[in-house]
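Structure assessment
The primary structure of each chain is shown beneath.
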Amino acid sequence: MSEELRKALEAVPAEDFARIVPQRRAHIEAAPDAEPVYEYQTNRVAKALHPEKQYVTIAKIVDRPGAKSYTLLPDPSRGTESLAYFRAGQYVSVDLEIGGSILTRAYTLSCSPGDALRGSYTLTIKRNQDGFASNFIHDNWKEGMKLSISGPDGDLNYEPLRDAKQIVGLAGGSGITPFFSLANAISEGIEDCSLTLLYGCRSESEIVYREELDALAAACEKFRVVYVLSDEEKPGFEHGFLTAELIGKYAPAEDYSIFMCGPQAMYRFCDGEVEKLGLPRRRVRHEAYGEYHNADRDDGFPQDAVGKTFQLTVELPDGQRVIPAKSGESLLVALERAGIRAPSKCRSGECGFCRSRLGRGSVYVPSVIEYRRGADKKDGYVHPCCSFPTSDCQIFVNCDKGEVERKVKDMKKKEKSVSVIMAVILSAVMGALATALVRKSLNPQMLASIPAAGMYVSNILESIAVGVLMVLIAPFGKWGKALAAKNNAFPPSMKFTLLNSLPLAVGNSVVVSFIVSLINTAQAHAKIPPQAAPPLLAMWLPSWAKLLIPSILVSYVLAVLISPFVVQAVGLGGPPAGAGPGGPPQS
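Model, not experiment: these values are computed from the prediction.

Remarks on the pairing of strand 8 (residues 194-201)
- Taken across its eight residues, strand 8 has eight buried, putting it largely inside the fold.
- Because side chains alternate across strand 8, one face comprises the buried residues Ser 194, Thr 196, Leu 198 and Gly 200, and the other comprises Leu 195, Leu 197, Tyr 199 and Cys 201, equally buried.
- As judged from the seven bridges shared by strand 7 (residues 166-172) and strand 8, these two strands associate in the parallel manner. When the sheet's bridge partners are listed, Leu 170 is paired in strand 8 with Leu 198.

This is the structure:
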């Protein structure tokens with residue numbers, strides 16, 4: 001202790017220390033009996049940014065050319081105190097109930113991300129002539145109506161690690177919404193990039209957010225908008241389509257990225273035009289493709305399935321339903337028409353939220369929206385939002401009972417295979433060891449009368465037959481796992497291997513040595529003249545006793561050494577025992 005610290009402590013009155021204990025006791029006694037509840041800040045942030053559901057109320061509706069803008073406010077009465085922050089270009093999925101159908105639709109947030117912090121969202125939804133959901137929304141949504149929406153999702157947002165700082169936006173029709181959000185974010189300093197927007201419409205009267213876009217372009221030097229009219233020729237407007245020539249005319253000289261959002265026909269056309277520009281693939285970004293229509297008109301669609309309605313067997317957590325599924329409509333649409341609440345967000349195969357297992361049957365997936373992982377294709381998983389039936393099908397929604405049962409059966413089959421392989425190896429070694437020990441105890445005359453090769457072969461085959469029969473009858477594997485679990489040992493730890501191998505090694509050694517020594521002793525006893533032969537039991541018990549201990553030791557050491565590699569070869573477990581840290585299985 002330093003001299004300064006000692007003097008400082010001596011200067012503190014002793015009575016101050018004496019008062020600390022009763023003060024602490026008073027605090028403890030005054031505290032509630034319940035344990036304090038603490039939530040990690042990381043969890044709070046995750047819930048705030050990625051809520052599973054948000055409950056909102058329609059506060060304002062604004063009519064626009066062919067569209068309506070809906071301002072949404074949080075609904076504290078249903079548990080939503082504030083709205084999740086989002087990146088410009090992201091969407092939310094809206095829950096809808098239309099007649100007997102339960103469905104979702106994804107709509108891009110058309111407001112600034114700053115509006116979320118200020119307590120509101122805006123969705124701008126264009127009425128489509130044949131739009132099932134958009135027509136319902138336009139006709140039925142009123143101010144004061146309560147809605148349920150998802151948290152923000154989607155990745156058509158500016159990311160400086162991936163995207164160029166100069167962005168050329170290609171918008172068509174209602175595809176203006178993510179770019180209007182991005183333009184606002186740039187204007188407010190939320191995003192540090194520049195946007196040149198080529199906005200294609202049929203006519204000037206169809207331009208959505210015309211006044212707001214012009215005002216943003218006038219006030220923010222990082223934003224520029226060019227209107228492109230396909231059906232009209234007017235001064236101040238480009239005429240035609242979003243071609244490579246037009247993009248090149250307005251694109252910056254330096255490196256740039258292309259963001260694209262619009263109807264599917266625009267994607268098909270613009271993808272070919274953008275390809276002519278020779279941009280790296282990472283520089284071309286798309287909004288989610290949207291719901292794919294009329295898949296049965298594709299060249300790759302099986303012709304024998306066109307125009308047919310199939311039976312779709314739906315496995316649900318609470319039972320099974322059989323519903324009709326049209327070949328030209330996705331499995332998700334079939335589920336929604338039947339009133340089955342199925343998970344979905346983007347409706348274009350991109351997010352993977354609706355991922356489900358196809359139990360049986362066949363489906364067609366358009367290549368342009370094929371986003372499944374290779375493992376999912378191999379294991380039979382599909383995205384119902386972009387999978388179209390081409391036969392009667394079975395699908396598991398919000399459950400995977402069939403897959404669990406299959407995995408359990410596969411696991412048991414593999415465990416049995418491991419036991420049989422181990423029994424063959426251990427029994428063969430036991431047969432060879434028994435033969436060597438028995439021959440060592442025989443006199444020269446008896447050794448000469450029993451050929452070594454024949455004795456080794458017969459004993460090894462007998463041992464294998466006995467060992468395999470035993471593992472098929474006795475549950476050595478089950479006993480080994482129970483012993484390991486009782487001692488808190490889990491694969492791939494060495495402790496697990498040591499305990500798990502014990503029942504098989506000991507059981508196999510006892511039975512095989514018993515049978516093999518008895519057979520060998522009986523054969524040797526038969527060759528001794530009756531008058532000179534001792535009792536069979538007197539010959540066999542010492543022979544078995546000499547064989548038993550070495551058999552158990554050799555069998556156990558061998559089992560510990562080879563079992564991890566047998567398990568690996570069969571595909572049952574991970575690395576060999578001791579190769580990595582062990583731990584209990586995670587649920």
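After presenting the structure, the write-up continues.
Re the nonpolar core
- Leu 170, Ile 176, Leu 195, Leu 197, Tyr 199, Leu 213 and Phe 223 are the most contacted members of the largest nonpolar core, which has 47 residues in total.
- Mapped onto this core, the elements with two or more residues apiece are strand 7, helix 6 (177-187), strand 8, helix 7 (210-219), strand 9 (223-229), helix 8 (244-250), strand 11 (256-261) and helix 9 (264-275).
- Ignoring any residue separated from it by four or fewer positions in sequence, one finds Tyr 199 in contact with Ala 171, Gly 173, Ile 176, Glu 206, Ile 207, Val 208, Leu 213, Val 226, Tyr 227 and Val 228.
- Leu 331, Leu 332, Ile 369 and Ile 395 belong to the second largest nonpolar core, which has 27 residues in total.

A look at the confidence of the model for the protein
- Confidence along the protein averages 84 in pLDDT terms, with 92% of residues attaining 70 or more.
- Between residues 574-587, whose pLDDT stays under 50, and residues either more than four places distant or in other chains, the model counts 25 contacts.

Quick word on the sheet that holds strand 19 (residues 393-396)
- Pairing is mixed in the open sheet, where five strands are placed in the order 14-13-19-15-17. A single partner strand is all that each edge strand has here, and the edge strands are strand 14 (319-326) and strand 17 (381-382).
- Inspection of the sheet shows strand 13 (residues 309-316) paired to strand 14 by eight bridges, in the antiparallel sense. The residue bridging Leu 316 from the neighbouring strand is Gly 319, located in strand 14.

Examining a nonpolar patch on the surface
- There is a patch of nonpolar side chains on the surface, built from Leu 5, Leu 9, Val 12, Phe 17 and Ile 20 and spanning about 400 Å² of accessible area.
- Contributing elements (two or more residues each) for the nonpolar patch: helix 1 (3-11) and helix 2 (14-30).
- Along the chain, the position of Leu 9 falls in helix 1.

The rules behind each value
- As a convention, each chain's residues are numbered from 1 in the sequence order in which they are written.
- Reporting of local features is limited, given that this is a predicted model, to residues whose pLDDT is at least 70; pairs of side-chain atoms are given and counted only at 80 or more, and all residues count toward the totals for whole chains, interfaces and linings.
- Water and hydrogen atoms were dropped before computing side-chain values, which therefore reflect all heavy atoms in the structure.
- Here's how the labels work: a residue is buried when its accessible area is under 20% of the maximum for its type, exposed when over 50%, partly exposed in between, all with a 1.4 Å probe on protein chains only.
- Per the convention used, a helix needs a DSSP run of H or I reaching at least four residues, while a strand needs a run of E reaching at least two, with both numbered from the N terminus.
- Criterion used throughout: strands pair if DSSP finds at least two bridges between them.
- To form a nonpolar core, buried Ala, Val, Leu, Ile, Met, Phe, Trp, Tyr and Cys residues must be joined to one another through side-chain atoms within 4.5 Å.
- By definition, residues are in contact when any of their heavy atoms lie within 4.5 Å.
- Known as pLDDT, the predictor's confidence for each residue is given on a scale from 0 to 100.
- Surface patches are defined over residues having more than 30% relative accessible area and no salt bridge, joining like charges when they lie within 9 Å and nonpolar side chains (Val, Leu, Ile, Met, Phe, Trp, Tyr) when within 5 Å.
- In these tables, accessible area is a Shrake-Rupley quantity obtained with a 1.4 Å probe, and a residue counts as shielded only by the protein chains included in the view.
- Definition used for salt bridges: Asp or Glu carboxyl oxygen within 4 Å of a side-chain nitrogen of Lys or Arg.

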